[in-house]
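Analysis of the macromolecular model
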Amino acid sequence: MIGGLAAAMASRADAVSAVQVLREGGCGGILPPARLLQHDARLDRAAERWAAGATLSAAAERSGYTAESSAGVHISGPESSTLQLLRKSGCRALSDPRLQDIGLYHRGVDSWLVIASRYVVPPASQAPVLASRALQLINDVRARGTRCGERSFGPAPPVKLSGALASVAFGHAADMAEHNYFEHQDLAGHSPADRVRAAGYREKLVGENIAYGPKSTDEVVQGWLDSPGHCENIMDPRFAEMGIAFAAGQKSKHGLYWVQVLATPGV
């Protein structure tokens with residue numbers, strides 16, 4: 001029994017060591033060298049779930065690892081062929097310089113390796129930078145016009161950032177993150193227009209886009225543009241100002257909640 005456990009541990013170490021060799025050597029010199037990976041027990045569990053049939057992303061999430069990006073390689077063969085099998089079947093994926101952690105599940109002659117990079121929630125200090133990027137993306141698409149589902153929209157005037165609307169957006173994003181819900185109407189029954197008015201903003205028209213899960217400004221804006229209703233909000237030429245914010249989920253959900261508030265100020 002002890003001998004069997006030692007053999008399994010040795011197999012695991014050999015597979016991980018082989019990955020490190022491939023990364024250091026750039027897959028035999030065809031790629032730039034990549035930094036060594038750190039073992040993460042959560043990715044061991046992810047590899048085991050992946051071996052059991054879960055998708056790679058679901059396996060990582062269920063194991064408590066929030067991945068920015070990930071790759072998986074499955075090899076089958078004797079231990080003596082581990083390095084050769086990895087070089088042949090997954091060397092480029094395993095040598096991805098963006099990835100930083102590794103986990104492995106070994107059963108018989110099969111090994112499942114998962115490598116990934118952790119997703120780090122952007123600090124609050126990055127909010128102005130992300131808002132500026134969102135504004136650029138939105139004004140670019142408004143300037144050229146686009147199709148939202150079955151409706152075509154011509155060019156629309158640019159919107160500008162509003163600090164008041166950004167505060168409203170953050171308040172709703174933080175509330176959804178804290179209380180684990182995802183709705184335009186908050187738990188107190190307030191609508192987007194109610195929240196805008198409560199902030200002292202005199203509005204003529206209000207629209208709101210929300211999202212859960214995207215990890216970057218580019219991803220969330222593209223997701224809204226791919227959804228006809230959200231896209232129509234972005235392209236509505238009547239809107240002149242916007243605010244955008246995010247908040248990290250708590251409790252059982254760990255993704256980002258995003259809120260974009262669009263408005264036409266009253267006279």
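Small disclaimer: the values here were computed from a predicted structure and weren't measured. (Residues numbered from 1 in each chain as written. Predicted model: local features only at pLDDT ≥ 70, side-chain atom pairs only at ≥ 80, totals over all residues. Heavy atoms only, no water.)

Counting its secondary structure elements, the chain contains 10 helices and 10 strands. In terms of C-alpha radius of gyration, the chain reaches 24 Å, well past the compact-globule figure of 18 Å for 267 residues. Seen through its principal axes, the chain has C-alpha atoms that stretch 80 × 40 × 35 Å. Evaluated residue by residue, the chain yields a buried proportion of 45% over its 267 residues. In the chain, the share of contacts with a sequence separation of at least 24, taken over all contacts with a separation of at least 6, comes to 68%. By element, 55% of the accessible surface of the chain is carried by carbon and sulfur atoms, the whole surface being about 13,600 Å². Of the side-chain charges in the chain, 27 are positive and 26 negative, and the distance between the mean point of each set is 3 Å. (Helix = DSSP H or I, 4+ residues; strand = E, 2+ residues; numbered from the N terminus. Rg over C-alpha atoms; globule rule 2.2 N^0.38 Å. Buried < 20%, exposed > 50% of the residue type's maximum accessible area, 1.4 Å probe, protein only. Contact = heavy atoms within 4.5 Å. Areas by Shrake-Rupley, 256 points an atom, 1.4 Å probe, with all protein chains shown as cover. Lys, Arg positive; Asp, Glu negative; His and termini not counted. Charge placed at Lys NZ, Arg CZ, Asp CG, Glu CD.)

It is worth spelling out the nonpolar core at this point. Within the largest apolar cluster, 26 residues are counted, with the highest numbers of intra-cluster contacts made by Val 221, Trp 224, Ile 234, Met 235, Met 242, Ile 244 and Trp 258. For this core, the leading source of residues is helix H6 (residues 127-144), giving 7 residues. Residue contacts for Val 221: discarding those within four places in its chain leaves Ala 134, Leu 137 and Ile 138. (Core = buried A, V, L, I, M, F, W, Y, C linked by side-chain atoms within 4.5 Å.)

Moving on: empty space enclosed by the protein. Evaluated as defined, the whole model comprises 1 cavity of 30 Å³ or more. What the largest cavity holds in volume is close to 70 Å³. Around the largest cavity, the lining comprises 11 residues; the ones closest to its centre are Gly 77, Glu 79, Thr 82, His 106 and Ser 111. The element best represented in the lining of the largest cavity is helix H1 (residues 2-24), accounting for 3 residues. (1 Å grid on protein atoms, 1.4 Å probe; cavity = no way out; pocket = protein on both sides within 12 Å on 5 of 7 lines; lining within 4 Å. Points joined across faces, edges and corners; volume = space filled by probe spheres on them.)

Turning our attention to the layout of surface pockets. Empty space within the second largest pocket amounts to approximately 230 Å³. Every residue lining the second largest pocket is counted, 16 residues in all, and those nearest its centre are Ala 124, Ala 127, Phe 170, Ala 245 and Phe 246. For the lining of the second largest pocket, a count of residues per class yields 15 nonpolar, 1 polar and no charged. (Nonpolar A, V, L, I, M, F, W, Y, C, P; charged D, E, K, R; others polar.)

The topology assignment puts Gln 185 in the loop between helix H7 (163-179) and helix H8 (192-198). Separated by 10 residues in the primary sequence, Gln 185 and Arg 195 have C-alpha atoms spaced 9.6 Å apart.

Before going further, it helps to spend a moment on the confidence of the model for the chain. Averaged over all residues, the pLDDT of the chain equals 90, while 94% of them reach at least 70. With pLDDT under 50 throughout, residues 1-11 is counted as low confidence; its partners more than four residues away or in other chains account for 2 contacts. (pLDDT = per-residue confidence, 0-100.)

If the charged atoms of two oppositely charged side chains come close together, the side chains can form a pair. The tally for this structure, following the rule as stated, stands at 11 salt bridges. Notably, a salt bridge pairs Asp 186 with Arg 195, separated by 3.4 Å at the nearest N-O pair. Look at Asp 186 and you get buried, because its relative accessible area is 12%. The class of Arg 195 is buried, set by a relative accessible area of 11%. The salt bridge involving Glu 203 is made with Arg 197; its shortest N-O contact spans 2.9 Å. Bridged by salt links that share partners, the residues Asp 186, Arg 195 and Glu 208 form one connected network. (Salt bridge = Lys/Arg side-chain N within 4 Å of Asp/Glu carboxyl O.)

Spatially, E7-E9-E10-E8 is the arrangement adopted by the 4 strands of the open sheet, whose pairing is mixed. Two strands in the sheet have a free side with no partner beyond their single neighbour: strand E7 (160-161) and strand E8 (203-212). Each of E7, E8, strand E9 (241-248) and strand E10 (256-265) touches H7; the most contacted strand, E9, lies at about 30 degrees to it. Lying on the sheet, helix H9 (residues 217-225) is in contact with E8, E9 and E10; it crosses E10 at an angle near 60 degrees. (Pairing = 2+ DSSP bridges. Axes fitted to C-alpha atoms, helices over the stretch in contact; angles between N-to-C directions.)

This part is about the sheet that holds strand E2 (residues 67-76). Ordered in space as E1-E3-E4-E2, the 4 strands form an open sheet in which the pairing is mixed. Each edge of the open sheet is held by one strand with a lone partner, namely strand E1 (38-39) and E2. Pairing geometry for strand E3 (residues 101-107) and strand E4 (residues 110-118), over 7 bridges, is antiparallel. Directly across from Gly 103, in E4, lies its bridge partner Val 114. Across the sheet, helix H3 (residues 41-51) touches E1, E2, E3 and E4, and the angle it forms with E3 is around 45 degrees.

What follows deals with the packing of aromatic side chains. Tallying each qualifying case throughout the model produces 4 aromatic pairs. Pairing Tyr 212 with Tyr 257 gives two aromatic rings, centres 4.7 Å apart and planes at 50 degrees, and the pair type is tilted. Here Tyr 257 lies in strand E10 and Tyr 212 lies in strand E8, a separation of 45 residues in the sequence. On the accessibility criterion, Tyr 257 (0% relative accessible area) is buried. Plain terms: the ring middles of Phe 246 and Trp 258 are 5.4 Å apart, the flat faces sit at 45 degrees to each other, and that makes the pair tilted. In this pair, Phe 246 is assigned in strand E9 and Trp 258 in strand E10, connecting sequence segments 12 residues apart. Here Phe 246 falls in the buried class, since its relative accessible area comes to 11%. On the accessibility criterion, Trp 258 (2% relative accessible area) is buried. Members of the aromatic cluster, connected to one another through ring pairs, are Phe 182, Tyr 212 and Tyr 257. (Phe/Tyr/Trp six-rings, centres within 6.5 Å; stacked < 30°, edge-to-face > 60°.)

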